[in-house]
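# Overview (structure and organization)
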Amino acid sequence: MASGLTAQPVACPDCDLLQRLPPLPPGAKARCARCGKTLAVQLADPLDRPLALTVTAAIVLIIANTAPLMGLEAAGRQASTTLIGGAYQMWLQGREITAVVVAFCAVIAPTSYVLFMLTVLLAVRRPPAPRWVGELLRWADFMQPWSMSEVMMLGILVALIKIAALARVIPGVGMYAVGALIVLLAALMIAFDPRAVWERVAWADGRSPSAAALGAGAAR
Amino acid sequence: MSAAALSAAQAGFLSCEICGLLSRPAAAAQPGHCPRCGAPLAWRRHHSFQYTWALVIAAAIFYIPANVLPVLTTNTLVSSTSDTIMSGVIYLYTSGSWPLALIVLVASVMIPLGKLATLAYLLVTVQRGSVKSTHDRTRLHRIVELIGRWSMLDVFVDTFVVALVQLQPLMSVEPGPGVPFFMAVVVLTMLAAQTFDPRFIWDAAGAPRG
């Protein structure tokens, strides 16, 4: 068939059904014929838009991690905390393991995710991108489920309401930054298609991506 | 579409779990590495059942101290009170914010229990070779992967309450011994959802007949 080169064979990651992906018009989505898993999304702009979102997210991330999240006032006494300050207080109170996991999910994972994505998206602008780009994308993928900004935000809100009964609570700049970060990270997930990166990365077996795409990687 | 639903494994093809590339390994017994991204290839995730069972059982054990032990202790000049996860929910409910009480109840009690039950159900049905309700079980696995992280809610609530309410000697809050156990339940069930290979659900259903 003449469409052999464009109808790309894939296996569904959720049910392993072997099928061919038809060429998709921009904005279209391909779902697995058996289990309905989204197999591919054809984005109009799969690299530049994610890059813009990632750069913005990196700036917002710095604010979210340095500015005070919220302050508290009771009987003339004041206290305030930052993101990492929350984890640090846990450590001081003798819950070291919890402190490390909280720091990982609240600060380390989102920061690494944004940094890895930024590097990947910059490096693939001139294909073929070196192999370490793929490795970094894999690390970004690993960090992603552990990056819990939105869960943390809800946690902060519940904490605020719990404390509001005891003292006056003042939301800080950091809290608004976390809110913006959640929106940016969600938009990034929608706007980014890892396939666009993999198509531009040099192959492990030494072939260049364009030649390899027509070669033995395709099922015959 | 061809008439018969054929899985990649049945056709002798492997898809890379990292980059999605479909390839045909030289030797079926030793799939080797993905020609594109270099990641090790496997027909199915290695020791998926053993890892998932181990993580589910460990999480179920930790679930008990996580709920029995206090997560927050409030010290004032005159008194000291301890709260477990459940009494924290009741406190939120009686202090008038029932929507929040509901959110915490769902995230801290119902989601972890539901995840443990769902993962055990998926493991049992797959190991028995069940061919029924494959669509529903695939959907269950997706839901478990998607909502698992929300259980971390209570750990964040405790963290920020403790971080802010440090007005010694007037009032201070300290984390209780239940917090690390609860956190362990969340982390272990998240890992269990990741080690479970959803393709097993379809392997029994799609096995060649005759």
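Residues numbered from 1 in each chain as written. Chains lettered and ligands numbered in written order. Predicted model: local features only at pLDDT ≥ 70, side-chain atom pairs only at ≥ 80, totals over all residues.

## With respect to the overall build of chain B
Where we set the bar: Put simply, DSSP H or I for four residues or longer makes a helix, DSSP E for two residues or longer makes a strand, and each gets a number counted from the N terminus. Atoms considered for the radius of gyration are the C-alpha atoms alone. The globule rule reads 2.2 Å times the number of residues to the power 0.38. Any residue with 12 or fewer other C-beta atoms within 10 Å of its own C-beta is exposed, any with 20 or more is buried, and the rest are partly exposed; the C-beta atoms used are placed from the backbone.
Regarding its fold elements, chain B presents seven helices and six strands. When the helices and strands of chain B are placed in sequence order, the string is β-β-α-β-β-α-α-α-α-β-β-α-α. Taking 210 residues into account, the globule formula puts the C-alpha radius of gyration at 17 Å, and chain B, at 23 Å, lies well above it. Projecting the C-alpha coordinates of chain B onto the three principal axes gives extents of approximately 75 × 35 × 30 Å. Out of the 210 residues belonging to chain B, those deemed buried represent 42%.

## Some details on the overall build of chain A
Test applied: Think of it this way: build a C-beta for each residue from its backbone, and any pair within 7 Å is a contact.
When helices and strands are tallied, chain A shows eight helices and seven strands. Taking 17 Å as the expected radius of gyration for a compact globule of 220 residues, we find that chain A reaches 22 Å, considerably beyond that expectation. In terms of overall dimensions, chain A has C-alpha extents of about 80 × 35 × 30 Å along its principal axes. Here chain A holds 220 residues, and 39% of them are scored as buried. A fraction of 59% describes how many contacts in chain A between residues 6 or more apart in sequence connect residues 24 or more apart.

## Things to note about the confidence of the model for chain B
Low pLDDT marks stretches whose predicted atomic positions should not be read closely. Residue and element names in this part refer to chain B. Applied cut-off: For every residue, the predictor reports its confidence as pLDDT, a number between 0 and 100.
For chain B, the average pLDDT comes to 89, and 96% of its residues sit at 70 or higher. Considering each helix and strand of chain B separately, the mean pLDDT is smallest for strand 5 (residues 166–167), with a value of 80, and largest for helix 1 (residues 48–68), with 96. Scored as a complex, the prediction yields pTM 0.89 and ipTM 0.87.

## Quick notes on the sheet that holds strand 4 (residues 80–83) of chain B
Residues and elements named next belong to chain B. Stated formally: Two strands are counted as paired when DSSP detects at least two bridges linking them.
Sheet architecture is open: four strands sit in the order 4-3-6-5, paired in antiparallel fashion. Looking at which strands have only one partner, the edges of the open sheet turn out to be strand 4 and strand 5. Pairing geometry for strand 3 (residues 72–76) and strand 4, over four bridges, is antiparallel. Each residue of the ladder has a partner; that of T74, found in strand 4, is T81.

## Observations regarding the nonpolar core
For soluble globular proteins, the rule of thumb is that nonpolar side chains tend to be buried together. What counts, and what does not: By definition, a nonpolar core groups buried Ala, Val, Leu, Ile, Met, Phe, Trp, Tyr and Cys residues that are joined through C-beta atoms within 7 Å.
Among the nonpolar cores identified, the biggest contains 117 residues, and V120(A), L181(A), F182(B) and V185(B) are the most heavily contacted of them. When neighbours within four sequence positions are excluded, F182(B) is seen to be in contact with A66(B), V71(B), I85(B), D154(B) and V155(B).

## Regarding helix 6 (residues 173–191) of chain A
Residue and element names in this part refer to chain A. Test applied: A helix is expected to reach a length of 1.5 Å times the quantity of its residues less one.
With 19 residues, helix 6 ought to run about 27 Å at 1.5 Å a step, and its terminal C-alpha atoms sit 27 Å apart, in line with that. When helix 6 is considered as a whole, its buried residues turn out to be G174, M175, A177, V178, L181, I182, L184, L185, L188 and A191. Against the buried residues of helix 6 lie helix 1 (48–66), strand 5 (70–74), helix 2 (83–92), helix 5 (149–164) and strand 7 (168–171).

## Notes on the interface of chain B and chain A
Accessible area lost during the coming together of the parts is what is often quoted as the interface size. Heads up, the condition is: When residue character is reported, Ala, Val, Leu, Ile, Met, Phe, Trp, Tyr, Cys and Pro are called nonpolar, Asp, Glu, Lys and Arg charged, and the others, Gly included, polar.
Contact with chain B, which involves 56 residues of that partner, is made by 55 residues of chain A. Mapped onto the side of chain B that touches chain A, the elements with two or more residues apiece are strand 2 (22–23), helix 3 (98–127), helix 4 (134–147), helix 5 (153–164), strand 5, strand 6 (171–175), helix 6 (178–195) and helix 7 (199–205) of chain B. A total of 10 residues in the side of chain B that touches chain A trace back to one element, the largest contributor, which is helix 5 of chain B. Here the residues of the side of chain B that touches chain A sort into 39 nonpolar, 12 polar and five charged.

## Some remarks on the domain arrangement of chain A
Stated formally: Per the annotation, domain bounds derive from an automatic or database assignment of domains.
Partitioning chain A into structural domains gives domain 1 (1–42) and domain 2 (45–207). Spacing between the C-alpha centres of domain 1 of chain A and domain 2 of chain A amounts to 31 Å.

## Observations concerning the domain arrangement of chain B
As assigned here, chain B comprises domain 1 (8–43) and domain 2 (47–205). A straight line from the C-alpha centre of domain 1 of chain B to that of domain 2 of chain B covers 35 Å.

## Details of the pairing of strand 5 of chain A
Strand residues, when the strand is regular, have side chains that alternate between the two faces of the sheet. All names here are of chain A. One ladder, built from five bridges, connects strand 5 with strand 6 (residues 77–81); its direction is antiparallel. Residue E73 lies in a different strand from strand 6, and its bridge partner there is Q78. Between strand 5 and the antiparallel strand that follows it, strand 6, lie two residues; A75 among them carries a positive phi value of about 50 degrees. Two strands pair when backbone bridges link them, and strand 5 and strand 7 are joined in this way by four bridges, in the antiparallel orientation.

## Concerning the environment of G96(B)
Of note, G96(B) is situated in the loop between helix 2 (85–94) and helix 3. With 10 C-beta atoms packed within 10 Å, G96(B) lands in the exposed category.

## Structural notes on the environment of G88(B)
Residue and element names in this part refer to chain B. In this fold, G88 is placed in helix 2. Sequence separation of G88 and A66 is 22 residues, and the distance between their C-alpha atoms is 13 Å. Once you skip the residues sitting within four places of it in the chain, G88 turns out to touch V71, L72, D83 and V104.

## Some points on the packing of helix 5 of chain A against helix 5 of chain B
Cut-off, in case you're wondering: Note on geometry: axes are C-alpha line fits, over the in-contact stretch for helices, and angles between N-to-C directions span 0 to 180 degrees. Oblique is the label for any angle not under 35 degrees, not over 145, and not in the 65 to 115 range, which are roughly parallel, roughly antiparallel and roughly perpendicular in turn. By definition, any crossing whose near helix is turned counterclockwise from its far helix by less than a right angle is left-handed, and any crossing with a clockwise turn is right-handed.
Running from amino to carboxyl end, helix 5 of chain A crosses helix 5 of chain B at an angle of 50 degrees, the nearest separation of the two axes being 8 Å. Considering their axes alone, helix 5 of chain A and helix 5 of chain B lie oblique with respect to each other. In this structure, helix 5 of chain A meets helix 5 of chain B at a crossing whose hand is right-handed. For the pair helix 5 of chain A and helix 5 of chain B, contact is made by V151(A), M152(A), L154(A), G155(A), I156(A), V158(A), A159(A), K162(A) and I163(A) and by L153(B), F156(B), V157(B), F160(B), V161(B) and L164(B), respectively.

## A short note on the sheet that holds strand 5 of chain A
Residue and element names in this part refer to chain A. Judged by pairing direction, the sheet is antiparallel, and its three strands sit side by side in the order 6-5-7 without closing on themselves. Both outer strands of the open sheet, strand 6 and strand 7, are each paired with one neighbouring strand and no more. Neighbour-to-neighbour, the strand axes of the sheet open up by a mean angle of 20 degrees, direction not taken into account.

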